[in-house]
Amino acid sequence: MGSSKVQRLSGMQKQVLSLFRGFLRAARSKSEEERRKIEAIVSQEFRQNAKNVDRKNFLYIEYLLRRGNKQLDQLRDPGTTGLSSLQLHFSKTDYSE
Amino acid sequence: MATNALSGTSLSMRSLTSQTQAFTSLSGQRSGLISSFGRKNVSFNSQPRQIRLQISCAAKADTVDKVCEIVKKQLAVAEGETVTAESTFQKLGADSLDTVEIVMALEEAFGIAIEEESAQTITTVQQAADLIEDIIDKKSS
């Protein structure tokens, strides 16, 4: 019952989870302090979008995936030490409940 | 007799590998097992099986405990609540993102790499512990 639920993930859900893993993996290569910050930001961002984005809004989710993958590429660069620029769109987006 | 001896060797081999990974403190028992194997071929039949069972239980309990600790920490489970081998992540309030985080934390704690496909099939602590032991077994063999 529980296991079938987990295995029935859609392709898009898998892409999202895979992106999430990618971010957490990339965060491992940063300094301990930055890593914790990155993990907090990434986790918050994913959770917020999971809660607020309509699960049928495929176009928007695809856009978020593309954007996330680009950001992940940048984060993977050894020259990138932190993720503070990501916080920009927290303030931009108004999540009124 | 011949088949007896054969199954005996495969048993003790298995207990050897799981033992070295799990507990070094059990190595005393291991050498005892080997010497008794050399002396009497017939009567050891039930004994190694018992030891093997005991060891695999010990290893599992050890892994399960460690997994429980990590799951508790990762999900910020309340102090009063207990996490057991049978606990499903869902029941503990984990979503798929939490599960990814748990798997990543487990990877680090055990120093292994868990493939994405198998990571998504984990739903209970026991399954996670089994998968981890599988991977450790494969890595060492």
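About the thresholds
- Residues numbered from 1 in each chain as written.
- Chains lettered and ligands numbered in written order.
- Predicted model: local features only at pLDDT ≥ 70, side-chain atom pairs only at ≥ 80, totals over all residues.
- Heavy atoms only, no water.
- Helix = DSSP H or I, 4+ residues; strand = E, 2+ residues; numbered from the N terminus.
- Buried < 20%, exposed > 50% of the residue type's maximum accessible area, 1.4 Å probe, protein only.
- Contact = heavy atoms within 4.5 Å.
- pLDDT = per-residue confidence, 0-100.
- Axes fitted to C-alpha atoms, helices over the stretch in contact; angles between N-to-C directions.
- Parallel < 35°, antiparallel > 145°, perpendicular 65-115°, else oblique.
- Nonpolar A, V, L, I, M, F, W, Y, C, P; charged D, E, K, R; others polar.
- Left-handed = near helix turned anticlockwise from the far one by under 90°.
- Buried area = accessible area lost by both parts, 1.4 Å probe.
- Salt bridge = Lys/Arg side-chain N within 4 Å of Asp/Glu carboxyl O.
- Polar contact = N/O pair within 3.5 Å; in protein donor to acceptor, adjacent residues only side chain to side chain.
- Phe/Tyr/Trp six-rings, centres within 6.5 Å; stacked < 30°, edge-to-face > 60°.
- Lys NZ or Arg CZ within 6 Å of the ring centre and 35° of its normal.
- Core = buried A, V, L, I, M, F, W, Y, C linked by side-chain atoms within 4.5 Å.
- 1 Å grid on protein atoms, 1.4 Å probe; cavity = no way out; pocket = protein on both sides within 12 Å on 5 of 7 lines; lining within 4 Å.
- Points joined across faces, edges and corners; volume = space filled by probe spheres on them.

### Details of the overall build of chain A
Then, in step 1: On a plain count of helices and strands, chain A comes out with 5 helices and 0 strands.
Then, in step 2: The 97 residues of chain A split such that 35% are buried.
Then, in step 3: The long-range share in chain A, meaning contacts at least 24 apart out of those at least 6 apart in sequence, stands at 67%.

### So, the confidence of the model for chain A
Residues and elements named next belong to chain A.
Then, in step 1: Looking at chain A, pLDDT values average 82 and 77% of them are 70 or higher.
Then, in step 2: The secondary structure element of chain A with the lowest average pLDDT is helix H1 (residues 2-7), at 46, and the one with the highest is helix H4 (residues 58-76), at 94.
Then, in step 3: Contacts of residues 1-6 to residues separated by more than four positions or lying in other chains number 7 contacts, the stretch itself having pLDDT below 50.

### Re the packing of helix H3 (residues 32-52) of chain A against helix H4 (residues 96-110) of chain B
Then, in step 1: Where H3(A) contacts H4(B), the axes come no closer than 11 Å and their chain directions differ by 155°. Regarding the angle of H3(A) to H4(B), the classification is roughly antiparallel. Every residue of H4(B) that contacts H3(A) at A:Arg35, A:Ser43, A:Phe46 and A:Arg47 is listed here: B:Leu97, B:Asp98, B:Glu101 and B:Glu108.
Then, in step 2: Taken together, the residues that form the contact of H3(A) with H4(B) break down as 2 nonpolar, 1 polar and 5 charged.

### Side note on the packing of helix H2 (residues 11-28) of chain A against H3(A)
Residues and elements named next belong to chain A.
Then, in step 1: Contact geometry for H2 and H3: axes closest at 9 Å, N-to-C directions at 165°. Between H2 and H3, the crossing angle belongs to the class labelled roughly antiparallel. Where H2 crosses over H3, the two elements pack in a sense that is right-handed. Contacts between H2 and H3 involve Val-16, Leu-19, Phe-20, Phe-23, Leu-24, Ala-27 and Arg-28 on the former and, on the latter, Arg-35, Ile-38, Glu-39, Val-42, Ser-43 and Phe-46.
Then, in step 2: Grouping the amino acids of the contact of H2 with H3 by side-chain chemistry returns 9 nonpolar, 1 polar and 3 charged.

### With respect to the interface of chain A and chain B
Then, in step 1: Contacts between the two partners involve 18 residues from chain A, matched on the other side by 18 residues from chain B.
Then, in step 2: Around 1,700 Å² of area is buried between chain A and chain B when both sides are counted, 57% of it from carbon and sulfur atoms.
Then, in step 3: Summed over the shared surface of chain A and chain B, the result is 7 salt bridges.
Then, in step 4: Across the salt bridge formed by B:Glu108 and A:Arg35, the nearest N and O atoms sit 2.7 Å from each other.
Then, in step 5: At the boundary of chain A and chain B, one finds 9 residue pairs in polar contact (both at pLDDT 80 or more).
Then, in step 6: Where the side of chain A that touches chain B is concerned, the elements lending two or more residues are H1, H2 and H3 of chain A.
Then, in step 7: Tallying contributions element by element places H2(A) first for the side of chain A that touches chain B, with 8 residues.

### Re the packing of aromatic side chains
Then, in step 1: A complete count under the given rule lists 3 aromatic pairs over all chains for this structure.
Then, in step 2: Ring centres 6.2 Å apart and planes at 70° place the aromatic pair A:Phe23 and A:Phe46 in the edge-to-face group. Linking A:Phe23 in helix H2 with A:Phe46 in helix H3, this pair joins segments that are 23 residues apart in sequence.
Then, in step 3: Looking at A:Phe46, the relative accessible area reads 12%, which means it is buried.
Then, in step 4: Grouped by ring-pair contacts, the aromatic residues A:Phe20, A:Phe23 and A:Phe46 constitute a single cluster.
Then, in step 5: Sitting over the face of the ring of B:Phe110, B:Lys66 holds its NZ or CZ atom 4.4 Å from the ring centroid.

### Some points on the nonpolar core
Then, in step 1: Ranked by size, the top nonpolar core spans 27 residues in total, and within it B:Val67, B:Val71, B:Phe89, B:Leu106 and B:Val125 carry the most contacts.
Then, in step 2: Among the secondary structure elements, those contributing two or more residues to this core are helix H3 (46-75), H4 and helix H6 (125-140) of chain B.
Then, in step 3: If near-sequence neighbours (up to four positions away) are discounted, B:Val125 is found in contact with B:Val64, B:Val67, B:Cys68, B:Val71, B:Val83, B:Thr84, B:Ala85, B:Ser87 and B:Phe89.
Then, in step 4: By size, the runner-up hydrophobic cluster in this structure holds 21 residues, among which are A:Met12, A:Leu72, B:Leu97 and B:Met104.

### Things to note about the layout of surface pockets
Then, in step 1: For the largest pocket, the calculated volume is near 1,200 Å³.
Then, in step 2: Along the wall of the largest pocket there are 45 residues; nearest its centre are A:Gln13, A:Val16, A:Leu17, A:Ala50 and B:Ser96.
Then, in step 3: Looking at the lining of the largest pocket, the elements that each hand over two or more residues are H1, H2, H3 and H4 of chain A together with H4 and helix H5 (116-119) of chain B.
Then, in step 4: With 8 residues, H2(A) is the largest single contributor of residues to the lining of the largest pocket.
Then, in step 5: Within the lining of the largest pocket, the residues separate by chemical class into 23 nonpolar, 13 polar and 9 charged.

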